[in-house]
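Listed below, chain by chain, are the residues.
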Amino acid sequence: MREIVLDTETTGLDPLSGDRVVEIGAVELLNHMPTGRTYHQYINPERDMPVEAFNVHGLSIEFLSDKPVFKQIGQEFLDFVGDSKMVIHNAAFDMKFLNAELKWMGLPGLPPAQATDTLAIARSRFPGAQNSLDALCRRFGIDNSARTKHGALLDSEILAEVYLELVGGRQPDFTLSVVRGDMSDDGANRDWTPPPRPTALPPRITEAERLAFDGFVQKLGENAFWNDFSTP
């Protein structure tokens, strides 16, 4: 199963008002494991950079002026994504920008059904809670200290870890350094074995819940099944 975890940076909020994509970052997963293959591209928006957008991602027009325009990289981007499922945080935002750019250069758009929205997943799992990427990193204990500003590739790498937590937990020692050449044709890494976690995961229950459970087990007597799992 191939998935593409993706993020974009833009000049604003609405492509119909003239805003453009200025950065695309994407990380490839096979069977929920990183292959080490990524896609990253800065893009010349052919317009000015509003200060509000610059404050978010730090990409100036001076920096972007010698980068390719979208029509020069659009097909390359589509070739990388292919028909794989895309994993995006607040997918509607990124999809409307990508499809607007693709439409302007005469290429087919990406079907909305091809995108999995991690924001929608998080809202379903944690209703009423903060579900920004930073908030989810705090909830799952994911290091996002390098995220001083938004950046499409870094955010994609972080989102890949968040996504795997949302759908059932990260693989042991999740890392983006797996080499695609070590993969067999079916996507399995034959040489990779999971090492122990460097640090134990924090407990998911409160102290009050643990004490209540211990009291319940004591009431079951010495032959209770749960006594086999008790810790000294």
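Residues numbered from 1 in each chain as written. Predicted model: local features only at pLDDT ≥ 70, side-chain atom pairs only at ≥ 80, totals over all residues. Heavy atoms only, no water.

1. What to know about the pairing of strand β2 (residues 21-30)
No. 1: In terms of burial, β2 is a largely internal element, 10 of the 10 residues being buried.
No. 2: Across 7 bridges, the pairing between β2 and strand β3 (residues 33-42) is antiparallel. Residue Ile-24 lies in a different strand from β3, and its bridge partner there is Gln-41. (Buried < 20%, exposed > 50% of the residue type's maximum accessible area, 1.4 Å probe, protein only. Helix = DSSP H or I, 4+ residues; strand = E, 2+ residues; numbered from the N terminus. Pairing = 2+ DSSP bridges.)

2. Comments concerning helix α6 (residues 133-140)
No. 1: Burial in α6 covers these residues: Leu-133, Ala-135, Leu-136, Cys-137 and Phe-140.
No. 2: Each element contacted by the buried residues of α6 is listed here: α5 (118-125) and α7 (152-166).
No. 3: Downstream of α6 by a residue or two, Gly-141 has a phi angle that is positive, lying close to 70°. (Contact = heavy atoms within 4.5 Å.)

3. Considering the packing of helix α3 (residues 70-81) against helix α4 (residues 91-104)
No. 1: Where α3 meets α4, the closest approach of the two axes is 10 Å, and the angle between their N-to-C directions is 115°. On the basis of the axis angle, α3 is roughly perpendicular to α4. Of the two elements, α3 crosses α4, and the hand of that crossing is left-handed. Contacts from Phe-70, Gly-74, Phe-77 and Leu-78 of α3 reach α4 at Leu-98, Glu-101 and Leu-102.
No. 2: Residue classes in the contact of α3 with α4 are distributed as 5 nonpolar, 1 polar and 1 charged. (Axes fitted to C-alpha atoms, helices over the stretch in contact; angles between N-to-C directions. Parallel < 35°, antiparallel > 145°, perpendicular 65-115°, else oblique. Left-handed = near helix turned anticlockwise from the far one by under 90°. Nonpolar A, V, L, I, M, F, W, Y, C, P; charged D, E, K, R; others polar.)

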